[in-house]
Amino acid sequence: ISASLTFNAQYLVSSSWVGGTSSAYLSLFLNTFQYNLDLQYDVNMYKIIYNTVDANGESTIASGALLVPSNPNCIDFPISVYSHGTSLRKTDVPSNDVQETTIGKVFAAGGYFTCMPDYIGMGESPGLHPYVHAESEATSAIDMIRAAREFIADSLEMIDNGEVFLTGYSQGGHACMATHKYIQDNNLGSEFNIIASGPCSGPYALSITMADTITSLMPYSNPGYITYMLASYQLVYGNIFNSWSEILQSPYDTIVPPFFNGANTTLDMGMLNALLPSVVDSLIEDSVLTNFVNDSVNKNHPLWLALLDNDNYDWTPLNPLNMYYCTADEQVAYENALLADSVMNQNGASDVQSI
């Protein structure tokens, strides 16, 4: 199937077959990590482009990888969604069959139609990616499921059984949580029957853990994440800064902008981190940090408001939710999961735990 158009599609714009992977290969791959999973199906990979909205609610397109179990004796599967970790280059996305796409292939080989959204502003989607922006993470996943369902029914002539499973890692953990919350908050449960979600190592409490990172005097391994977040929230909210020189010290105010021009396909996060200081008070302008710290009680500063708007730890999931974390994670504080576990259970969640 190459660049096929579905006549009655609302969400699906186009699809193209990328390639196939055998279950035997995936099993051998997992065995190198001492994982032994029962993978029954070979996998076909498709790149799909679909209609969605950007962070401002305007119509746009997005892309993603759809991994499909290949077995003539079974055509009826649930849908899983895997949201990927932080990537800076627009090309470092699942639909381009990067290393992280293998995770989706494993899920598909286990018996899932697996959606791996590239996110808004990544892959074929124009403009800058609104990094850790909860609503657009959620809508890009939800609209990809809708497009995938059209493709599954019309082009593959297979059956989506209506069950939905959500997961994701790092930024994708935040995106997974955002997707689950968005579906519940907007009463979309009849359309998206979430059986369970498993967000992994996500920054769910941005106004706490990311704020701690911004104000800390301790070195941070990925200062590029902070500049990515600043660029994102300026894109979405428009009130974080007027120019990079207002918020970043020299020379970082001139080093950072090319990474976030909305068309970056060559500069990756490793390159950015190597160019930035590991201690944030050497990166962000003193006056900005002072204003941010001084407003830590009322939280009326635009950056505080943006962080608060994208928290997703304080709600009450109605479906089973397991958060997975690593205590040695130096990029996303594992306390995000412990805090979310505590708050959700205090709120009365019936089946939430951190692992």
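On to the nonpolar core, then. One finds Phe260 and Ile284 to be the most contacted residues of the largest nonpolar core, which totals 43 residues. Of all the secondary structure elements, the ones that give two or more residues to this core are helix H5 (206-215), helix H6 (223-237), helix H7 (244-247), helix H9 (269-275), helix H10 (286-294) and helix H11 (302-309). If one sorts the elements of this core by residue count, H6 sits on top with seven residues. Setting aside residues no more than four positions away along its own chain, isoleucine 284 makes contact with Ile214, Ile226, Ile247, Leu248, Gln249 and Leu289. One finds Tyr41, Phe113, Ile142 and Ile183 within the second-largest nonpolar core, a separate group that totals 31 residues.

Using the criterion set out here, one finds seven salt bridges in the structure. Between lysine 105 and aspartate 97 there is a salt bridge whose closest N-O contact spans 2.9 Å. Residue class for lysine 105 comes out buried when judged on its relative accessible area of 10%. Between aspartate 143 and arginine 146 there is a salt bridge whose closest N-O contact spans 2.9 Å. In this pair, aspartate 143 and arginine 146 are both assigned in helix H3 (residues 134-154), three residues apart and thus about one turn of the helix distant. For aspartate 143, a relative accessible area of 8% translates into the label buried. In this structure, a network of salt bridges that share partners links the residues Asp143, Arg146 and Glu191.

This part is about a nonpolar patch on the surface. Nonpolar side chains collect at one region of the surface, where Phe33, Tyr35 and Leu37 lie side by side and expose about 340 Å² of accessible area between them. If you trace the backbone, tyrosine 35 turns up in the loop between helix H1 (23-31) and strand E3 (42-53).

Before going further, it helps to examine the side chain of serine 170. With respect to the element layout, serine 170 can be found in the loop between strand E7 (159-169) and helix H4 (171-185). Among the residues examined, serine 170 registers a relative accessible area of 8% and is labelled buried. The contact partners of serine 170, leaving out residues within four places of it in the chain, are Gly85, Cys200, Ser201, Gly202, Pro203 and Val332.

Looking at the secondary structure, you find tyrosine 119 in the loop between strand E6 (113-117) and H3. Given the relative accessible area of 1%, tyrosine 119 is considered buried. C-alpha of tyrosine 119 to C-alpha of alanine 333: the two residues are 214 residues apart in sequence and 23 Å apart in space. Sequence-distant contacts of tyrosine 119, defined by excluding residues within four places in its chain, comprise Ser63, Ser83, His84, Ser125, His129, Ser140, Gln171, Gly172 and Ala175.

With that settled, consider H6. Between its first and last C-alpha atoms H6 spans 21 Å; for 15 residues at 1.5 Å apiece the expected length is 21 Å, and the two agree. Counted residue by residue, H6 has 13 buried out of 15 residues, so it is predominantly covered. Immediately downstream of H6, the backbone of glycine 238 shows phi near 75 degrees, a positive value.

With that out of the way, let us pick up the pairing of E6. With five of its five residues buried, E6 lies for the most part within the structure. Residues Phe113, Cys115 and Pro117 of E6 are buried on one face, and the alternating residues Thr114 and Met116, pointing to the opposite face, are buried as well. Summarising the sheet, strand E4 (residues 59-70) and E6 pair through four bridges and their orientation is antiparallel. Note on E6: the bridge partner recorded for alanine 65 is methionine 116. As for the winding sense of the linkage, the β-α-β connection from strand E5 (residues 76-83) through helix H2 (residues 101-109) to E6 is right-handed.

Turning our attention to the environment of asparagine 336. Inspection of the secondary structure assignment puts asparagine 336 in helix H12 (residues 335-346). Judged by relative accessible area, which is 1%, asparagine 336 ranks as buried. Expressed as a C-alpha distance, the spacing of asparagine 336 and leucine 188, which sit 148 residues apart in the sequence, is 26 Å. Ignoring sequence-local partners within four residues, the contact set of asparagine 336 consists of Gly202, Pro203, Tyr204, Ala205 and Thr209. Of the polar contacts made by the side chain of asparagine 336, one reaches the backbone nitrogen of tyrosine 204; its length is 3.0 Å.

The next subject is the packing of aromatic side chains. Each aromatic ring pair is characterised by the separation of its centres together with the angle its planes make. A complete count under the given rule lists 14 aromatic pairs for this structure. With a centroid separation of 5.0 Å and an interplanar angle of 65 degrees, the aromatic rings of tyrosine 46 and phenylalanine 151 are classed as edge-to-face. Remark: phenylalanine 151 occurs in helix H3 and tyrosine 46 occurs in strand E3; sequence separation between them is 105 residues. Grouping residues by exposure puts tyrosine 46 and phenylalanine 151 together as buried.

Cut-offs and rules
Residues numbered from 1 in each chain as written. Predicted model: local features only at pLDDT ≥ 70, side-chain atom pairs only at ≥ 80, totals over all residues. Heavy atoms only, no water. Core = buried A, V, L, I, M, F, W, Y, C linked by side-chain atoms within 4.5 Å. Buried < 20%, exposed > 50% of the residue type's maximum accessible area, 1.4 Å probe, protein only. Helix = DSSP H or I, 4+ residues; strand = E, 2+ residues; numbered from the N terminus. Contact = heavy atoms within 4.5 Å. Salt bridge = Lys/Arg side-chain N within 4 Å of Asp/Glu carboxyl O. Patch = residues over 30% accessible without salt bridge, like charges linked within 9 Å, V, L, I, M, F, W, Y side chains within 5 Å. Areas by Shrake-Rupley, 256 points an atom, 1.4 Å probe, with all protein chains shown as cover. Expected span 1.5 Å × (residues − 1). Pairing = 2+ DSSP bridges. Right-handed = clockwise from strand over helix to strand, strands pointing away. Polar contact = N/O pair within 3.5 Å; in protein donor to acceptor, adjacent residues only side chain to side chain. Phe/Tyr/Trp six-rings, centres within 6.5 Å; stacked < 30°, edge-to-face > 60°.

Any functional reading would require information that these geometric values do not contain.
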